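# Per-entry structural report
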Amino acid sequence: YSEEEQNKPIETSSHKGQEFDYVISGSLLLYIGDICYELNEGDSAYFDSTIPHAHKNVGDTQAQFIALVLK
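First things first, this report covers the structure right here in the doc. Every residue gets a number counted from 1 within its own chain, in the order that chain's sequence is written. Whole-chain, interface and lining totals are the exception, using all residues; otherwise, since this is a predicted model, local features are given only for residues with pLDDT of at least 70 and side-chain atom pairs are given and counted only at 80 or more. Computation of side-chain values covers all heavy atoms of the structure but excludes hydrogens and water.

## A look at the sheet that holds strand β4 (residues 44–48)
The strands making up a sheet associate through hydrogen bonds between their backbones, and the pairing can be parallel or antiparallel. Strand pairing requires that DSSP identify at least two bridges connecting the strands. A run of H or I in DSSP counts as a helix once it spans at least four residues, and a run of E counts as a strand once it spans at least two, with each numbered from the N terminus. Judged by pairing direction, the sheet is antiparallel, and its three strands sit side by side in the order β4-β1-β6 without closing on themselves. At either margin of the open sheet sits one strand with a lone partner, and together these are β4 and β6 (64–70). Sheet twist, expressed as the average angle between the axes of neighbouring strands with direction ignored, equals 15°. Here strand β1 (residues 18–25) pairs with β4 via five bridges, running antiparallel. Counterpart to D21 in the pairing with β4 is A45. Note on definitions: angles span 0 to 180 degrees between N-to-C directions of axes, and those axes are lines fitted to C-alpha atoms, for helices only across the stretch in contact.

If you want it as structure tokens, here you go:
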């Protein structure tokens, strides 16, 4: 977590395959294309990773999550 990072524009990335994210602790915003989801502890997401996407921490504690990239 970095206060400085909270105010920066979101930079997305994309890659071949699919991605599965699972939030271990904290909260984060998951941007997929033009949609934004808030994921909290225990939440998960599975998506086509060719769509531009990004993650951003929510709140003042460091979110921890697992990202599995499937090609």
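## Remarks on the nonpolar core
With eight residues, the main nonpolar core is built from V23, L28, L30, I32, L39, A45, F47 and A63. Of all elements in the fold, only β2 (27–32) and β4 reach the threshold of two or more residues within this core. Sort the elements by how many residues they give to this core and β2 lands first, with three residues. Note on contacts: a residue pair qualifies if any of its non-hydrogen atoms lie within 4.5 Å across the two residues. Beyond its immediate sequence surroundings of up to four residues, A45 is in contact with E19, F20, D21, L30 and L39. Working definition of a nonpolar core: buried Ala, Val, Leu, Ile, Met, Phe, Trp, Tyr and Cys residues. They are joined through side-chain atoms within 4.5 Å. Throughout, exposure labels follow a simple rule: accessible area from a 1.4 Å probe, protein chains only, divided by the maximum for the residue type, with under 20% read as buried, over 50% as exposed, and the rest as partly exposed.

The quantities given are spatial measurements derived from coordinates; they are silent on function.
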